[in-house]
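# Summary of the model geometry
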Amino acid sequence: MRGKLLFLGGLAAGFVLGSRAGREKYEEIRANAQKFWEHPTVQEAAGVAQAQANKLYTEGKDKLQSSKLGEKLGTTTSGNSTDDLLAPTDSLSAGKAPGTL
C-alpha cells in the first residue's frame, strides 16, 4: 500500500512539473515554427510549390475534360462544372503560421 501511495505521489508531482515545462516548451516550439514559416526563403518556396500545384491541377482538369470519361461526366467549362472546383486558398499562402486560423 505504501508503495502505491509513493508511486501515485511521484506520478502527481511529475505531472504537475511536466505540464508546466511542457507548456513552456510548446510555446517555444510554436514561436520557432512561426519564425521559420515567416522566413522569406520559406515563403518563396511555398509560393513556387503552390504555383506548381495550380499548374498540375489545371493540366489535369483539361485532360479530364478532353477525355471520354470527362465527356461522360459532362464536365464543361461553363456553368457548374470543374471550374467551380478551384483549388482553395489556405493559410499557407496568407503568410500565417501553421495551425493558426
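Predicted model only: the values in this text are computed from it and were never measured. (Residues numbered from 1 in each chain as written. Predicted model: local features only at pLDDT ≥ 70, side-chain atom pairs only at ≥ 80, totals over all residues. Heavy atoms only, no water.)

### Some points on the overall build of the protein chain
When helices and strands are tallied, the protein chain shows three helices and zero strands. Overall, the protein chain shows an N-to-C arrangement of helices and strands of α-α-α. The proportion of buried residues among the 101 residues of the protein chain is 9%. Taking contacts inside the protein chain between residues at least 6 apart in sequence as the whole, the part at least 24 apart equals 47%. For the protein chain, the exposed surface amounts to about 8,300 Å²; the carbon and sulfur share of it is 63%. (Helix = DSSP H or I, 4+ residues; strand = E, 2+ residues; numbered from the N terminus. Buried < 20%, exposed > 50% of the residue type's maximum accessible area, 1.4 Å probe, protein only. Contact = heavy atoms within 4.5 Å. Areas by Shrake-Rupley, 256 points an atom, 1.4 Å probe, with all protein chains shown as cover.)

### Topic: a nonpolar patch on the surface
Side chains of Phe 7, Leu 8 and Leu 11 sit close together on the surface and give an oily, nonpolar patch of about 330 Å² of accessible area. You can see Phe 7 is positioned in helix H1 (residues 2-37). (Patch = residues over 30% accessible without salt bridge, like charges linked within 9 Å, V, L, I, M, F, W, Y side chains within 5 Å. Salt bridge = Lys/Arg side-chain N within 4 Å of Asp/Glu carboxyl O.)

### Observations regarding helix H2 (residues 40-66)
End to end, H2 covers 39 Å across 27 residues, agreeing with the expected 39 Å (1.5 Å per residue, within 8%). All of the buried residues in H2 are Val 42, Lys 61 and Gln 65. In this fold, the buried residues of H2 make contact with H1 and helix H3 (68-73). (Expected span 1.5 Å × (residues − 1).)

### Quick look at the confidence of the model for the protein chain
Do not read the predicted coordinates in detail wherever pLDDT is low. Of the residues in the protein chain, 73% reach a pLDDT of 70 or more, and the chain-wide mean stands at 76. H3 is the least confidently modelled element of the protein chain, averaging 77 in pLDDT, while H2 averages 93, the highest of any element. (pLDDT = per-residue confidence, 0-100.)

### A few points about the pattern of salt bridges
One side chain can pair with another of opposite charge once the charged atoms of both are near each other. As enumerated under the stated definition, the model contains one salt bridge in all. Between Arg 30 and Glu 27 there is a salt bridge; the shortest N-O distance is 3.4 Å. Of this pair, Arg 30 and Glu 27 are both found in helix H1, three residues apart, which corresponds to roughly one turn of the helix. Using a relative accessible area of 37% as the deciding quantity, one classes Arg 30 as partly exposed.

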